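The residues making up each chain are set out below.
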Amino acid sequence: MIDVMVAFVGSGIRRSTPLIFASLGGTYSERSGVVNIGLEGMMLVGAFVAIVAGNAFGLIGGIVIAALAGALMGLLHAVATVTFRANQIVSGVAINLLGMGLTAFIPEAVFGQSNVDSLCTNIPRIWSFTPLVFVAIAFVILSHLILFKTVFGLRLRSVGENPKSADTLGISVERMRYTGVMISGVLAALGGAYLSIENSGCFTKNMVAGRGFIALAAMIFGGWTPFGALGACLLFGFAESMQTILQTFGIDLPPQIIQLLPYILTIVVLAVAVKRIRPPEADGKPYER
Amino acid sequence: MKEINKKSLLSPIISIIVAFSIGGIFIFLLGKNPFQVYASMFSGAFAGEGWGFTLFSMTSLIITGLSVALAFHCGLFNIGANGQLMVGGMLAAYIALSFSGLPPFLLFPIIILSALGAGAFWGFIPGILKAKRASSEVVITIMMNYIAICTVSYLLTYPLKASPGYIAQSEIISRSLWLPRYNGIIGADPTILLALLLAVAVYILLWRTKTGYNIRAVGFNPKASNYAGINVSKTIILAMTLGGAIAGFAYFNYIFAYQHRIVSDVIVGATAGFDGITVALLGKNHPLGVILAALLLAVLYSGGLAVQFELGIPNSFYLFLEGIMIFSFVIFDKVVGGKNE
């Protein structure tokens with residue numbers, strides 16, 4: 001029984017970790033006023049780069065380079081949406097397609113197969129958890145402090161709520177939004193890197209499998225706050241691992257029933273609780289002086 | 001056809017050129033000749049029976065593109081074509097399997113209506129939430145996509161699964177409901193005519209009826225439309241519902257003219273909804289533009305499929321080209337200063 005509980009908690013946390021990274025990422029971007037539906041594509045790029053770079057430079061090198069690749073994807077999204085004031089949804093769609101396309105066609109064209117195995121074995125573990133699990137939890141606390149207790153956080157939020165007044169106060173809306181979107185790219189890529197290099201030891205085509213969109217749901221469900229996102233990700237992650245546990249007790253709940261949970265909850269939250277949970281005021285709106 | 005002018009054609013054309021150029025650089029870096037690859041792609045899309053598959057892809061692309069374009073005109077983003085086509089296809093296939101005793105001339109209209117109805121319902125929910133609760137239709141349609149994927153996957157894994165075999169798919173539908181194919185070629189079926197008919201219908205709706213005028217007015221300026229006496233929330237709900245109804249047909253050719261059953265994993269994780277956005281954007285939200293953009297994308301897809309083994313350029317290259325196309329489109333459209341998003 002205790003074994004089962006330990007396995008349940010362990011798998012719940014492991015399933016939540018990539019979601020935590022990506023939904024924190026979404027929070028930074030949207031707090032600065034830029035909708036980021038490209039999380040999925042950014043995670044895929046992170047997952048792929050982590051394996052390729054990890055095979056060349058080891059675990060830490062792989063993760064750092066994956067984060068940089070994520071920043072680059074964020075930069076693309078920022079150039080389109082902040083500098084050119086392009087539609088943020090369309091740009092997000094493009095980011096997703098680029099992420100899916102690049103990570104599907106490069107491994108096939110270069111390595112001749114769509115799966116790439118990681119050479120980084122012997123990943124350090126504390127109670128079966130790999131390093132990025134702890135990094136994710138640390139980032140939640142750190143992000144809360146950054147967003148709500150620092151001048152930078154205040155500025156980031158102000159350009160997402162009321163860019164005009166922020167601008168008159170001398171805050172560069174462009175610079176803050178670039179920063180927010182690029183941080184979101186870094187975090188989403190770390191989520192992808194966790195999936196590939198630490199959790200499965202290989203990159204497989206489309207391995208993110210919609211987690212970018214679940215993270216988006218978690219960000220909304222968590223009310224655009226780091227702790228809220230953490231709670232939502234844990235809920236979604238544990239619900240998933242519940243299904244496996246029920247199976248060991250001989251209860252065969254179809255996995256699709258539990259997979260529905262994040263999506264239905266998010267719709268309910270948006271439909272019912274709109275007063276309490278609302279996006280940043282200027283979220284999705286390009287800023288023009 | 002007054003809505004297409006020379007200036008508005010500029011950004012789609014530039015973005016196509018940019019995508020092919022950047023794609024060409026990638027092909028070159030892989031040690032292949034980009035001109036040869038592109039040439040083989042285009043000829044592969046039409047060679048032999050390849051044109052059939054191009055037509056097949058084009059059919060679904062026109063339908064999802066129209067669905068997205070219609071919502072665009074009302075200032076709405078329908079990222080839900082993927083879910084709408086799944087539920088449309090699912091209900092249509094379910095009706096086809098359950099009532100196979102009925103004569104086809106009676107059953108087929110019911111099947112068409114059920115695809116339409118299921119898709120419409122899947123569009124209605126984000127529509128009403130947008131209109132009444134100001135919920136982002138982008139987020140809701142994304143969620144609705146996954147609800148559709150999970151539901152269809154559940155149905156095809158458990159209650160409606162074909163009995164032998166491991167694949168999550170339905171039984172084969174009755175032969176009397178199979179749509180005819182010209183010379184048996186995949187894609188050469190009547191659904192392309194349905195798609196073209198829908199394009200004409202969308203054109204007439206948007207530019208020749210009062211409802212269409214209202215949709216465009218709300219898309220242009222909801223506040224002013226409200227003052228002008230247009231019921232904005234009703235128009236928003238209608239545009240999303242109609243968009244959903246159109247998308248409900250996008251799986252039709254696969255089920256009734258190709259595989260003759262519904263398969264769970266075909267669209268899952270695929271990009272039908274995103275493709276619809278690409279088609280609507282490149283086509284400038286005009287039905288004629290949608291048809292042309294769908295043709296281009298279909299050529300890339302089926303041509304890519306035809307040459308992937310021969311040339312060693314995987315078919316997923318097409319997604320990459322598509323990504324760059326949209327990306328350069330949103331940027332150049334701002335630079336050129338087009339009115340439409």
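It should be emphasised that the depicted structure is a prediction, and the values quoted were computed from it without experimental measurement.

Enquirer: What should I look at first to understand the overall build of chain B in this one?
Expert: Helices and strands together make up the secondary structure of chain B, namely 14 helices and zero strands. Its helices and strands in sequence order give chain B the pattern α-α-α-α-α-α-α-α-α-α-α-α-α-α, from N to C terminus. Against the 2.2 N^0.38 benchmark of 20 Å for 341 residues, chain B shows a C-alpha radius of gyration of 20 Å, consistent with a compact globule. Each principal axis of the C-alpha atoms in chain B carries an extent, and together these give about 60 × 55 × 30 Å. Counting every position in chain B, which comprises 341 residues, the buried fraction comes to 55%. Of the contacts made within chain B by residues no fewer than 6 positions apart, 78% connect residues no fewer than 24 positions apart.

Enquirer: What is the right way to read the interface of chain A and chain B from this model?
Expert: Accessible area lost when the parts come together is the quantity often used to give the size of an interface. The interface is formed by 40 residues belonging to chain A together with 39 residues belonging to chain B. When contributions to the side of chain A that touches chain B are tallied by element, the ones reaching two or more residues are helix 3 (88–111), helix 8 (211–221), helix 10 (255–259) and helix 11 (261–272) of chain A. Ranked by the residues each element gives to the side of chain A that touches chain B, the list is headed by helix 3 of chain A, at 15 residues.

Enquirer: What should I look at first to understand unusual backbone geometry in this one?
Expert: Working note: non-glycine residues mostly have negative phi, and peptide bonds are mostly trans. Residue and element names in this part refer to chain A. A positive phi angle, close to 40°, is found at Trp127, a residue other than glycine. Structurally, the position occupied by Trp127 is in the loop between strand 1 (116–117) and helix 4 (131–149). Backbone geometry places Ser128, a non-glycine residue, at a positive phi of 65°. Positionally, Ser128 belongs in the loop between strand 1 and helix 4.

Enquirer: Please explain helix 2 (residues 34–44) of chain B as it appears in this structure.
Expert: Because the α-helix completes a turn every 3.6 residues, residues three or four places apart line up on one side. All names here are of chain B. All buried positions along helix 2 are accounted for by Val37, Met41 and Gly44. Angularly, the buried residues of helix 2 cover 75° about the axis, an arc narrow enough to put them on a single face. Counted as exposed and oriented over 90 degrees from the buried face of helix 2: Phe35 and Gln36.

Enquirer: It is not clear to me how the confidence of the model for chain B should be interpreted in this structure. Could you clarify?
Expert: Parts of the prediction with low pLDDT should not have their coordinates interpreted in detail. With 95% of its residues at a pLDDT of 70 or more, chain B shows a mean pLDDT of 88. Listed scores for the predicted complex are pTM 0.91 and ipTM 0.88.

Enquirer: Quick question: what am I supposed to make of the environment of Val173(A) here?
Expert: Residue and element names in this part refer to chain A. Note that Val173 resides in helix 7 (residues 173–200). Using a count of 22 C-beta atoms within 10 Å as the deciding quantity, one classes Val173 as buried. In sequence terms Val173 and Val82 are 91 residues apart; their C-alpha atoms lie 8.9 Å from each other. Setting aside anything within four residues of it in sequence, one finds Val173 in contact with Val159, Pro163, Ala166, Asp167 and Tyr287.

Scoring rules and cut-offs
Residues numbered from 1 in each chain as written. Chains lettered and ligands numbered in written order. Predicted model: local features only at pLDDT ≥ 70, side-chain atom pairs only at ≥ 80, totals over all residues. Helix = DSSP H or I, 4+ residues; strand = E, 2+ residues; numbered from the N terminus. Rg over C-alpha atoms; globule rule 2.2 N^0.38 Å. Buried ≥ 20, exposed ≤ 12 C-beta atoms within 10 Å, placed from the backbone. Contact = placed C-beta atoms within 7 Å. Arc of directions from axis to C-beta. pLDDT = per-residue confidence, 0-100.

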